[in-house]
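Chain and residue survey
Spelled out, the chains give:
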Amino acid sequence: MEKTLKKLSPGHAFILETSDKTRILDINTEEFTGHSTWVDAPLTEVDWTLSVKMPDRINTNNMNFFLILVFFTFLFTHMIYSVMEELIVRRNTKNQKLLNDRQKIDFVGTLAASTAHEIKNPLTGIKGLVQLLVEKHPEEQDQFYYSVIMKEIERINSIVSEFLILGKPMAQTLSLYDIRSIIAELRPIIESEARHFNIEVEWNIVKEPIMVHCTKDQLKQVILNIAKNGFEAMEVGEKLRIRIHHENEWAKIIIIDNGHGLNEKDIGKVFDPFYTSKKEGTGLGLFVCKRIIESFNGTIEFSSKPLNGTTVTISLPLIKDQPLKGLIFKNED
């Protein structure tokens, strides 16, 4: 009987006991690992009790749990894959954009380098002839026309120089300057631009020398460019503030306007090449400014809020204990 039950029901456990708990039959009770409850079937005719333990249903539950786990694992893996794929696409798009911008800059720089010599040679001749005409015709009206011509020649030269900066970095000789002397030369130009925009300029310049290594004309270009941006962002009658001081090991040039300001998204793009919020802008001005300041081992930072104006901070390494020879600086404040 025991052999027959084992063959017919290999997944069951059987116990057959008498009324006084004497076990007559014991099948699979030790090997059976299920957790189901025992089912008792009294045999009244012989006063015995047959206890049967059915196969545990937890196996089916385990299968269901396994399927659910597989489903959620697949879903989670798919989500991770989708997110990673999106990040990779964004990174590739960004890298492609940077590559395209770099190729544009390299092309412009190569073109400028190849044509700068041909442009500047005739300009030098034109400038010399205009200077002769200035001496030959002292009439006021003629002098006005010549001054306009000279300004336009200088503007062409500055444009060519700006494009040259876009090319590959060139070896340049940095000289020691007092920032105050550079500002003294630049101040009449900035104030003239301010009058054109009906803007007031407030100067705050320390009295002690602030020595830095730089190229004077390029630093002038940076300061003038940022000041003009401030003028264009402000309304008539507002004030541009220019502060020159030193802080720890750095010389600071801070230009503050109270114009329309920039949001966080635009601030992150102001130094990108070919990005501009102006209708007629090229998007190269601030990019060139950043490259110039970095060539001086300095930094340039923007902070701005919409309708609260913009603050531009230029930081250059401060040179101490090296007096500048042959420079006379007059503080007009």
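Heads up: these notes are all about the structure in this document.

Conventions used here
Residues numbered from 1 in each chain as written. Predicted model: local features only at pLDDT ≥ 70, side-chain atom pairs only at ≥ 80, totals over all residues. Heavy atoms only, no water. Salt bridge = Lys/Arg side-chain N within 4 Å of Asp/Glu carboxyl O. Helix = DSSP H or I, 4+ residues; strand = E, 2+ residues; numbered from the N terminus. Buried < 20%, exposed > 50% of the residue type's maximum accessible area, 1.4 Å probe, protein only. Axes fitted to C-alpha atoms, helices over the stretch in contact; angles between N-to-C directions. Left-handed = near helix turned anticlockwise from the far one by under 90°. Contact = heavy atoms within 4.5 Å. Nonpolar A, V, L, I, M, F, W, Y, C, P; charged D, E, K, R; others polar. Core = buried A, V, L, I, M, F, W, Y, C linked by side-chain atoms within 4.5 Å. Patch = residues over 30% accessible without salt bridge, like charges linked within 9 Å, V, L, I, M, F, W, Y side chains within 5 Å. Areas by Shrake-Rupley, 256 points an atom, 1.4 Å probe, with all protein chains shown as cover. Pairing = 2+ DSSP bridges. Parallel < 35°, antiparallel > 145°, perpendicular 65-115°, else oblique.

1. So, the pattern of salt bridges
- All chains considered together, the criterion is met by 8 salt bridges.
- For Lys216, the salt bridge is made with Glu185, and the minimal N-O distance between the two is 3.5 Å. You can see Lys216 sitting in helix H5 (residues 216-233) and its partner Glu185 sitting in helix H4 (residues 179-197), a full 31 residues away along the chain.
- Residue classification places Glu185 among the partly exposed residues on the basis of a relative accessible area of 38%.
- Residues joined by salt bridges that share partners form a network here, namely Glu185, Lys216 and Lys220.

2. What to know about the packing of H5 against helix H7 (residues 285-295)
- Contact geometry of H5 with H7 gives a least axis separation of 10 Å together with a crossing angle of 145 degrees. In the crossing of H5 with H7, the sense of the turn from one axis to the other is left-handed. Where H5 approaches H7, its residues Gln218, Leu219, Gln221, Val222, Asn225, Ile226 and Asn229 are matched on the opposing element by Gly285, Leu286, Val288, Cys289, Ile292, Ile293 and Ser295.
- Classifying every residue of the contact of H5 with H7 gives 8 nonpolar, 6 polar and no charged.

3. Looking at the nonpolar core
- Judged by nonpolar contacts, the single largest core of 43 residues is most densely connected at Ile179, Ile190, Leu219 and Phe231.
- When residues no more than four places from it in sequence are discounted, the contact partners of Ile179 are Ile210, Val212, Ile244, Ala251, Ile253 and Leu316.
- Grouped together as the second largest cluster of nonpolar side chains are 5 residues, Leu123, Val130, Met150 and Ile153 included.

4. Some points on a nonpolar patch on the surface
- On the surface, a cluster of nonpolar side chains totalling about 560 Å² of accessible area is made up of Phe76, Ile80, Val83, Met84, Leu87 and Ile88.
- As for its placement among the helices and strands, Val83 is situated in helix H2 (residues 58-136).
- The exposure class of Val83 is partly exposed, given its relative accessible area of 48%.

5. A look at the sheet that holds strand E10 (residues 299-304)
- Taken together, the 5 strands give an open sheet; going across it, the order is E6-E8-E9-E11-E10, and neighbouring strands pair in mixed fashion. The open sheet is flanked by strand E6 (200-205) and E10, the only strands paired with a single partner. Between one strand axis and the next, the sheet turns by 15 degrees as a mean value, whatever way the strands run.
- Strand direction decides the pairing type here: strand E9 (residues 250-257) and strand E11 (residues 310-317), joined by 8 bridges, are antiparallel. Looking at the pairing, Ile254 lines up with Thr313 of E11.
- The sheet contacts of H4 involve E6, strand E8 (239-247), E9 and E11, and relative to E6 the element is tilted by about 170 degrees.
- Across the sheet, H5 touches E6, E8, E9, E10 and E11, and the angle it forms with E9 is around 25 degrees.

6. Re the packing of H4 against H5
- Packing of H4 against H5 leaves a shortest axis separation of 10 Å and a crossing angle of 25 degrees. As summarised for this structure, H4 and H5 are arranged roughly parallel, according to the angle between their axes. Viewed along their axes, H4 and H5 form a crossing whose handedness is right-handed. Contacts between H4 and H5 involve Ile182, Ile183, Glu185, Leu186, Ile189, Ile190, Glu193, Ala194 and Phe197 from the first element and Lys216, Leu219, Lys220, Ile223, Leu224, Ala227, Lys228, Phe231 and Glu232 from the second.
- Partitioning the contact of H4 with H5 into residue classes produces 12 nonpolar, no polar and 6 charged.

7. A few points about the environment of Glu185
- In sequence terms Glu185 and Lys220 are 35 residues apart; their C-alpha atoms lie 8.8 Å from each other.
- If we skip the residues at most four places from it in the chain, Glu185 touches Lys216 and Lys220.

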